[in-house]
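The lines below spell out each chain.
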Amino acid sequence: MRRFGKILGRILLTLLVLVALLLAPVAYNEAACRGDDLRANAPSLLPPEHHRPEARSLLTYPEWHIVHAYDDYARVISEGDPHDFGYARAIGGFWSSLCALSKSAPEHGGFPWEVKQMVYTIGVSFTAELLFKAAYEETLGRAATWVRGPEPATLDTLSAAQAATYAKFLQQVPWYKYDFRADKAALTGGQTFRDSERRFALGVEYGGKAGYAGLIAKAAAATIGPDELTLQMVVTGVDEAQLAALDGVTILKTLPEGIIVQTPRYRELTHLLVEMAQQGAEFVEIAGNDDIMFTATGTAPAPDALHSFARQGYGDTRSLVLLPVKALAQRLRDMARGPLTLEHIHDY
């Protein structure tokens, strides 16, 4: 019994240390990543019920960082192996970007606690997942590639395709809605040692994600609820006929200051805003806000980047840029000529 007690004590101590390590970035963000509340209430042309918190343009990024990380991962393993991916870099990128965003959020409406809960939850989950994945892939996974040799096994190719599909799925849909069980069921074929090892390792990973996804889905519904799929904005520089011809755009009202339209949100909005800017549109306000953030990639950071860091698998840099809504259209037109490439416009 005494020996069992010692073993149990060591297990509990290890778990406590692990929990403390996972929560350390949260504590650091709370203590060191604070900004001054300098917000000013700008007049809006849209009714209050169609306003969205401006800080959410910043605070939608952490989820997108995870989307980008899986895209980076898919890119890396398309030509290499899972142990070639920089797991620590991906984790560090999440928390360093969150720190920069947390410092800027107060002057754009603050960082609501319910949003913090979700951001911290996904951050800790992402950190834990990549730490466990790194621990396996850098040891047993790497050893299995030594046995395999330089050529990929059947399930190496399949898992790379699954990773690419997952990364694309995340562009428009939350991760917890992905069908991990289908990917697990697809882990068939291949008779080599590496195939068996991939079947086991990925089967455990997909099964764990499927179970955890259900919990996160319930938490998301309880904390922030279902989100709106559309938003309203005020546009000038184009006429109603041009706007009406755009897929997904609904004209609501014409004012002396511009045309009020309703558009889709998320990934569709990025493509739509680019198309509108190329037609000569100017954006007066979006969802009642006068500032918005976008991400862009290039060989060097954007000069006015709020935060920037290197991408994996691409050999370039991602920049987070915050700018006035009224400057967005011209910036989009300028980026069409390089050197930066627009990645995603973060709505609210």
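Rules and cut-offs
- Residues numbered from 1 in each chain as written.
- Predicted model: local features only at pLDDT ≥ 70, side-chain atom pairs only at ≥ 80, totals over all residues.
- Heavy atoms only, no water.
- Helix = DSSP H or I, 4+ residues; strand = E, 2+ residues; numbered from the N terminus.
- Buried < 20%, exposed > 50% of the residue type's maximum accessible area, 1.4 Å probe, protein only.
- Contact = heavy atoms within 4.5 Å.
- Expected span 1.5 Å × (residues − 1).
- Phe/Tyr/Trp six-rings, centres within 6.5 Å; stacked < 30°, edge-to-face > 60°.
- Lys NZ or Arg CZ within 6 Å of the ring centre and 35° of its normal.

## Section: the environment of Arg 75
Mapped onto the secondary structure, Arg 75 falls in helix 3 (residues 61–79). Taking the relative accessible area as the measure of exposure, Arg 75 reaches 36% and is therefore partly exposed. Arg 75 sits 209 residues away from Val 284 along the chain, and the two C-alpha atoms are 37 Å apart. Ignoring sequence-local partners within four residues, the contact set of Arg 75 consists of Gly 313 and Tyr 314.

## Thoughts on helix 3
If you check helix 3, its first and last C-alpha atoms are 27 Å apart, about what 19 residues at 1.5 Å a residue would give, namely 27 Å. Within helix 3, 14 of the 19 residues are buried, leaving the element largely enclosed by the surrounding structure.

## Comments concerning the environment of Ala 310
Tracing the chain through its elements places Ala 310 in strand 6 (residues 307–310). Residue classification places Ala 310 among the partly exposed residues on the basis of a relative accessible area of 46%. C-alpha separation for the pair Ala 310 and Lys 133, spaced 177 residues apart in sequence, amounts to 21 Å. Discounting chain neighbours no more than four positions away, the residues touching Ala 310 are Arg 89, Asp 316 and Thr 317.

## Structural notes on the packing of aromatic side chains
Within the structure shown, the criterion is met by 13 aromatic pairs. Taking the centre distance of 5.4 Å and the plane angle of 90° together, the rings of Tyr 73 and Phe 85 count as edge-to-face. Taken together, the residues Tyr 73 in helix 3 and Phe 85 in the loop between helix 3 and helix 4 (87–104) connect sequence positions twelve residues apart. The same class applies to Tyr 73 and to Phe 85, which are both buried. Taken together, a centroid distance of 5.0 Å and an interplanar angle of 75° make the contact between Phe 94 and Trp 95 edge-to-face. A relative accessible area of 0% means that Phe 94 is categorised as buried. When its relative accessible area of 11% is taken as the criterion, Trp 95 is described as buried. Here the guanidinium or amino end of Lys 116 rests over the ring plane of Phe 111, the centre of that ring lying 5.4 Å away.

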